[in-house]
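Notes for the structure review
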There are 2 protein chains.
Amino acid sequence: MSQAIKAVLFEESEIASIASELGTDSLMGKSLTSLIADTDAFMALGVEVPGHSEAGGYAHNRHKQNYQYINQAGRLFLVTGEEKYAQYTADLLLAYADKYLKLGFHEQLNTNPPGRLFHQILNEHVFLLNSSLGYSCIRHWLSAKQQQTIVAGLFQPMLDMFTEQYSFDFDRIHNHGIWAVAAVAICGLAIDKPEYVEMSIHGLKGDDIEGGYLAQISKLFAPSGYYMEGPYYHRYAIRPLCLFAETVHRHRPELDIFNFNDQVIGKTIKSMLATAYPNGVFPALNDASLSMDVCDAGVVVALSLYAKHYGIDDDILGMAQIQDCVWVNPCGQVLSAAFAKNQAKLTPCWPSVELNEGPNGDRGAQAFMRMQADNGDVNQLVMNYGQHGMGHGHFDTLGISFFNNGQEVLREYGFGRWVNVEPKFGGRYLDENKSYARQTIAHNAVAVDQQCQNNFDVKLADSRHGEPHFFSGDDSAVQGVSAFCRDFYPGVDQQRSVLMVNHGVLAKPVLVDLYRLISDQNHQYDYSLHYDGQIVRTNFDYQTHSELATLGDHFGYQHIWNVAQGKATTEASDTALVSWLQGSSYYTWLSAVSADDEVIFTRSGANDPSFNLRSEPGMVLRRQAKDTLFANVLETHGYFNEAVEASTEARGQITQVNVIGSNEQGSVIEIVAQDATLVVMVSNQVGVTPTTDNSVTFNNQTFQWQGYFAVEQRG
Amino acid sequence: MSQAIKAVLFEESEIASIASELGTDSLMGKSLTSLIADTDAFMALGVEVPGHSEAGGYAHNRHKQNYQYINQAGRLFLVTGEEKYAQYTADLLLAYADKYLKLGFHEQLNTNPPGRLFHQILNEHVFLLNSSLGYSCIRHWLSAKQQQTIVAGLFQPMLDMFTEQYSFDFDRIHNHGIWAVAAVAICGLAIDKPEYVEMSIHGLKGDDIEGGYLAQISKLFAPSGYYMEGPYYHRYAIRPLCLFAETVHRHRPELDIFNFNDQVIGKTIKSMLATAYPNGVFPALNDASLSMDVCDAGVVVALSLYAKHYGIDDDILGMAQIQDCVWVNPCGQVLSAAFAKNQAKLTPCWPSVELNEGPNGDRGAQAFMRMQADNGDVNQLVMNYGQHGMGHGHFDTLGISFFNNGQEVLREYGFGRWVNVEPKFGGRYLDENKSYARQTIAHNAVAVDQQCQNNFDVKLADSRHGEPHFFSGDDSAVQGVSAFCRDFYPGVDQQRSVLMVNHGVLAKPVLVDLYRLISDQNHQYDYSLHYDGQIVRTNFDYQTHSELATLGDHFGYQHIWNVAQGKATTEASDTALVSWLQGSSYYTWLSAVSADDEVIFTRSGANDPSFNLRSEPGMVLRRQAKDTLFANVLETHGYFNEAVEASTEARGQITQVNVIGSNEQGSVIEIVAQDATLVVMVSNQVGVTPTTDNSVTFNNQTFQWQGYFAVEQRG
């Protein structure tokens, strides 16, 4: 007991300061209260170290819980001084030390090598990282013999496995690699073996090139901080990244890690946070669940760390408000204090941002555009024109998603996976992830000739990327993004320009979506939208099928039912209109259509022999053309509350969308609302800048504007 | 100003007492705060009295808002003393007085006669009730001339319309009738015309038989207090019922209204509250939305009134907690004070109750059975074996619904209506309400020969009712309900017995559902369940169809897709098993099956030309038989949280359900779990009592038990 505390992430004075918040209602106080309640509840189950099971199975879950509670109980021993926490941490560690080497290796199930506790060593890395942190908190409380037992029976075998047996996996620039180096370094510090810290920071060869933390954080992220696999995998890597950063900061201060490489750590945390929807959920870019959010434990660590080392603003405080907790660490204390001081009402609205991709930032980008409605509600558009995202990539370049009123409106399907649901293929990725979820038609994009972008060839897709055309996200009245994607379908170039327009004649910001296809040959273009809720009305006739067939046989089409279809035009109108009700909002999609266009109402779930897919609605506007422009508007309107039986403005204000013209210079459309007509002009000139002069003439009418786009009111 | 206050529902001293809670955080204080914020926001829009529109249209909504805010602003003038509220109330009333007689009558759209403001006078009654209450709060503030103008231009014409022009609708024993009499009486008091009070209480003829409030509350409810149309319509009638009761109490104390007819008012409020699910939502019995809950304004009034006049217990306080407000009235103040005093943690769990139906309580019943799991979660079963429910009745006698973990698990479809959504047929009932929602197959029941109970004949159905067999709802380990339904399909008798069993070998209460069919002839029996979420696994093979056809052509079957089907038995097992994931819980249904049984996975939404139906999954266990017993178990197990990627116990503990035997004396089944086998014995003897001795012999094995049922552990 008289020994000095050796906790990797705490100084003694810091512990006392955190302890002073026990029982308070600061974010730190609340975090401690729930950490205690959670840990006590698990400790009541006793100590149990099981053998093997499938992912999602009992033993798998128990090992995951065990490392989590080794970490938590260790920290709580420091903060509360209660020995029961040290005892529990020690009991668990000693039980593992006794059993670990007796457990054989799992069978190898995927590309990740198997561990002794888990089917993939990735989980074993996580185990080492957490248990080392817990161990470091109680080490001074353990006898020398106990320390020896734990090191010899558990930590050293793990270190050997990771750095020798699986050394190929240790020196790897990959999000999994960050877990490996963070675990090995933190364990090295916890057991006084600095050589492990060195190899983790600088790689096995010590050259900062082929592996190690510094190489990883130099190469894994674009200059914007964006991580190419998307936020879902980013938030998984961010936790060891931050834990290791804080560790380096404390134990290798000479590296000045928070300023390393142009502050890459701060930049990548911020870029991850800036992708989140206003409710804190991450958009499901590439393989991702629809529910991963900023309350994830890794993001909690990241936000607290960012607050301490890079500063605090309203958006950071707004995120803390969603998290409703902080990291139980001196970093979290800084955020908690700032949050307590802030008296303003927080309506976080991260600035619109275009995050470039690729090591040099020249391989496309991801756009996150935000605009507030009069009532403060944040509308967010996400558009993907960056890289493919490797093995987890979806074939959805130029795909969009859209969020407002607390819900995703133009929806991502997410991954084809029931994560950790053991009877669903052990919770791993399912066949339908490839056959449906990753296909172009499963996204809000245009599928050409019933095929998938880049012919569903990952290697080909990884070699390409979208081309940013313009991005303008500062204005509160009109914002816009545009990008090209060339030859993702042979002989077809695509340009998508999406504007958010807040205009006096409209109740809420509307989305203007101009999707241009350019080809010498005739093609079938399927402009596809995925919504949720109930169709309220259309302005054209359609036929519901009394027997359902699929929309096609390949590229995801085999998983889609053709529920109903009809000609998109009517005698009265060349604008197709579909309204639906989702939650408490009405939405109306309007599109300029021509005589042979067809609208197909769809539902996913066909050819799904194990009910692996969700049954979700969508619609397709189908057109046969060479060059064409899909000109669409999405209006948000009205209010519905079934419980109190209230409904207002179930019909929107926009009645028509007309294409005035579109060519290589620009596209001009007209949006007719009840009280006014808006003319929207978008530049298609490659290389357009904010000062470029645009002039196009259609039907003897000339339209002129400066810069990327213009919105003008007529009548 | 020197005039005495003439408010119908307030004494001067009561106003001062309520005013003393302004700004406090009692339920009354919070109710006042939100009433003020809500009223101020609407007042900011100014005074507008529009003309006609469809239900759900702008004018319709505005008139509804106007009467609500006349009522609210009037009350707030009394409580706050601020003249702006009186002025606003007066401005609106005077505007109506000016315009009302200039508005022609609406077109008649349904059986309800049209009014001048609304398409049905029901809404006009509601207008009169609310505006009279508001008027009574500011009358002393108005000049005599203003009072005259309002009475002559608005109130008197309304009174004439209701009591003369539409007198046939005034004297009617019907839930709409309560609005009529309450409105006319309260208006009569507000304008000093006691003759209207008299005719409202005693009917136009004054005989308390053909009409009037006393006749209505004597005849509308069963002795149990149950209202035959179900909770959705009950909560609509409860508001005028309570407002009128409080009015009579204050102005005709000699009637001792709260003790009238064996306390029918208290009884019917309590029976309505006792139907609600643990989250406060009402089960959708008959035509009903899935979201109507105890926060409805009428239920708020009813709970406050009950608290003052009939007493307060933990369940009442628990409901107040869900409502998070009270009625701004002296009654609400009593509830608010009791709520503030209560320090205990509220986990409301209303006692299990069987509510009888019919004027004499002998026309079947509705069962509401509740059992708490170890963690306090309330499991609720609802079973219908009462009356049909007239024009709003569903053909679902012996149908059940089941709720736990905060969600409806065995689900009601609810009505075929998008209430107040103007583009959906003016928000009225849709064709699909008849063709699907009311049909037997749309419910959790057995449909025979692909038909509907009572051949979808309302008159025939109204002439019949279920027969209660037993109900036992006091025990915390086993509860049970059983009922018969004879000849609802020609030549077929049905008996359903549902038990909730909380047993040490099972994690949570399981539902045991024994559905017995009795016939001389061979029939097709479709045992149907409606679930939500994702199928996780089955223990039998099934084929998903690559083209979808409907399940049939009539009686709702035409709206159901046959998504997949398979033989229910396998070589390994005579128990069919289907597991699914809904929200954070896993559910496993197991059923004893025989060789020719088939399971069909379904989805609603076929032959739905206007997307009026929701697309929802279900399943059917299909059997050809004469006499048979469907023996089913529903196990709730495990936990899933996608956001934190946690999953436990995705497989349940029960592996088999075997029918040992079933005859007129009793049914005996065996439930095999991992750690034990339970034998469940249920008496089928007509007239069984808690002391009846039962003895049945199947396969030379004799089973004996006393009373309704027994559950015994073997092995």
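Fair warning: this is a prediction, and the values are worked out from it, not measured in the lab.

Take the packing of aromatic side chains next. Scanning the entire structure with this criterion turns up 60 aromatic pairs over all chains. Relative to B:Phe244, the ring of B:Tyr213 has its centre 4.3 Å away and its plane inclined at 45 degrees; by these criteria the two rings are tilted. Taken as a pair, B:Tyr213 in helix H10 (residues 213-219) and B:Phe244 in helix H11 (residues 231-251) lie far apart in primary sequence, 31 residues in all. The rings of A:Tyr67, A:Tyr96, A:Phe118 and A:Phe127 are connected pair by pair, giving a single aromatic cluster. The ring centre of B:Phe484 lies 4.3 Å from the NZ or CZ of B:Arg486, which sits over that ring.

In this model helix H11 (residues 231-251) of chain A runs 29 Å from its N-terminal to its C-terminal C-alpha over 21 residues, within 8% of the 30 Å that 1.5 Å per residue would give. At A:Ile238, H11(A) shows its maximal bend, which comes to roughly 30 degrees, and the proline A:Pro240 appears one to four places after that position.

With an RMSD of 0.0 Å, the fit of chain B onto chain A corresponds to turning through 180 degrees and sliding 0.0 Å along the axis. Such values leave the two copies arranged in the relation of a two-fold axis. Within chain B, B:Leu548 has its C-alpha nearest the rotation axis, a separation of 2.3 Å. When you check the interface residues of chain B against chain A, 100% turn up at the interface there too, and the contact is symmetric in its surfaces.

This next bit is on the sheet that holds strand S3 (residues 378-385) of chain A. Residue and element names in this part refer to chain A. Overall, antiparallel pairing links the five strands, which are arranged S1-S2-S3-S4-S5 in an open sheet. Among the strands making up the open sheet, the edge pair consists of strand S1 (353-356) and strand S5 (407-410). Averaged over all pairs of adjacent strands, the angle between their axes in this sheet comes to 20 degrees, without regard to strand direction. Relative to S3, strand S2 (residues 365-372) runs antiparallel, the two sharing eight bridges. In the strand pairing of S3, Ala367 is matched with Met383.

Take the domain arrangement of chain A next. Residue and element names in this part refer to chain A. Split into domains, chain A comes out as domain 1 (1-220), domain 2 (222-350) and domain 3 (353-714). Computed from C-alpha coordinates alone, the two centres of domain 1 and domain 2 are separated by 21 Å. Each partner contributes residues to the interface: domain 1 has 39 residues there, and domain 2 has 37 residues. Sorting the residues of domain 1 by area buried against domain 2 places Leu9, Leu27 and Tyr213 first, and these three jointly supply 20% of that buried surface. For the pair domain 1 and domain 2, the interface holds three salt bridges. Counting every contact that joins domain 1 to domain 2 gives 16 residue pairs in polar contact (both at pLDDT 80 or more).

Another point: the UniProt feature "domain: Alginate lyase" (unreviewed entry) in chain A. As recorded in UniProt, the sites labelled "domain: Alginate lyase" (unreviewed entry) are residues 73-276 of chain A. Annotated as residues 73-276 of chain A, this span is 67% helix and 0% strand, and its ends, taken at the C-alpha atoms, are 31 Å apart.

Residues and elements named next belong to chain B. Most of strand S14 (residues 560-567) sits inside the fold, with seven of its eight residues counted as buried. Alignment of strand S13 (residues 543-550) against S14, held across four bridges, turns out to be antiparallel. Its bridge partner lying in S14, Gln543 is registered against Gln565. Here S14 pairs with strand S17 (residues 598-604) via seven bridges, running antiparallel.

Our next topic: the sheet that holds strand S16 (residues 585-592) of chain A. All names here are of chain A. If you walk across this open sheet you meet the eight strands as S7-S8-S9-S10-S19-S16-S15-S12, and the pairing is antiparallel. Whereas interior strands pair on both sides, the edge strands pair on one side only; in this sheet they are strand S7 (467-472) and strand S12 (534-538). Going across the sheet, the axis of each strand differs from the next one's by a mean of 15 degrees, ignoring polarity. Two strands pair when backbone bridges link them, and S16 and strand S19 (residues 628-637) are joined in this way by six bridges, in the antiparallel orientation. Residue pairing across strands places Thr588 opposite Glu635, the latter belonging to S19.

Moving on, we come to helix H2 (residues 27-43) of chain A. Each α-helix turn comprises 3.6 residues. Residues three or four places apart therefore point the same way. End to end, H2(A) covers 24 Å across 17 residues, agreeing with the expected 24 Å (1.5 Å per residue, within 8%). Turning to H2(A), its buried residues are A:Leu27, A:Met28, A:Gly29, A:Ser31, A:Leu32, A:Leu35, A:Thr39, A:Phe42 and A:Met43.

It is worth spelling out the interface of chain B and chain A at this point. With 53 residues of chain B at the interface, the matching set in chain A holds 53 residues. Both sides together, the interface formed by chain B and chain A hides about 4300 Å², and carbon and sulfur atoms give 54% of it. When the buried surface of chain B facing chain A is broken down by residue, B:Gln534, B:Phe611 and B:Glu645 rank first, second and third, together holding 17% of it. For the pair chain B and chain A, the number of links is two salt bridges. Between B:Glu422 and A:Arg651 there is a salt bridge, with its nearest N and O atoms 3.0 Å apart. The tally of links from chain B across to chain A stands at 25 residue pairs in polar contact (both at pLDDT 80 or more). Going through the elements one at a time, helix H3 (58-80), H11, strand S12 (534-538), S13, S14, S17 and strand S21 (646-648) of chain B are the ones with two or more residues in the side of chain B that touches chain A. No other element matches S13(B), which puts seven residues into the side of chain B that touches chain A. Of the residues belonging to the side of chain B that touches chain A, the class tally is 25 nonpolar, 16 polar and twelve charged.

Conventions we followed
Residues numbered from 1 in each chain as written. Chains lettered and ligands numbered in written order. Predicted model: local features only at pLDDT ≥ 70, side-chain atom pairs only at ≥ 80, totals over all residues. Heavy atoms only, no water. Phe/Tyr/Trp six-rings, centres within 6.5 Å; stacked < 30°, edge-to-face > 60°. Helix = DSSP H or I, 4+ residues; strand = E, 2+ residues; numbered from the N terminus. Lys NZ or Arg CZ within 6 Å of the ring centre and 35° of its normal. Expected span 1.5 Å × (residues − 1). Bend = angle between axes of the 7 residues up to and from the residue. Least-squares fit on C-alpha atoms with pLDDT ≥ 70 in both. Contact = heavy atoms within 4.5 Å. Pairing = 2+ DSSP bridges. Axes fitted to C-alpha atoms, helices over the stretch in contact; angles between N-to-C directions. Domains from an automatic or database assignment. Buried area = accessible area lost by both parts, 1.4 Å probe. Salt bridge = Lys/Arg side-chain N within 4 Å of Asp/Glu carboxyl O. Polar contact = N/O pair within 3.5 Å; in protein donor to acceptor, adjacent residues only side chain to side chain. UniProt positions renumbered as here; feature names shortened; annotations may be inferred. Buried < 20%, exposed > 50% of the residue type's maximum accessible area, 1.4 Å probe, protein only. Nonpolar A, V, L, I, M, F, W, Y, C, P; charged D, E, K, R; others polar.

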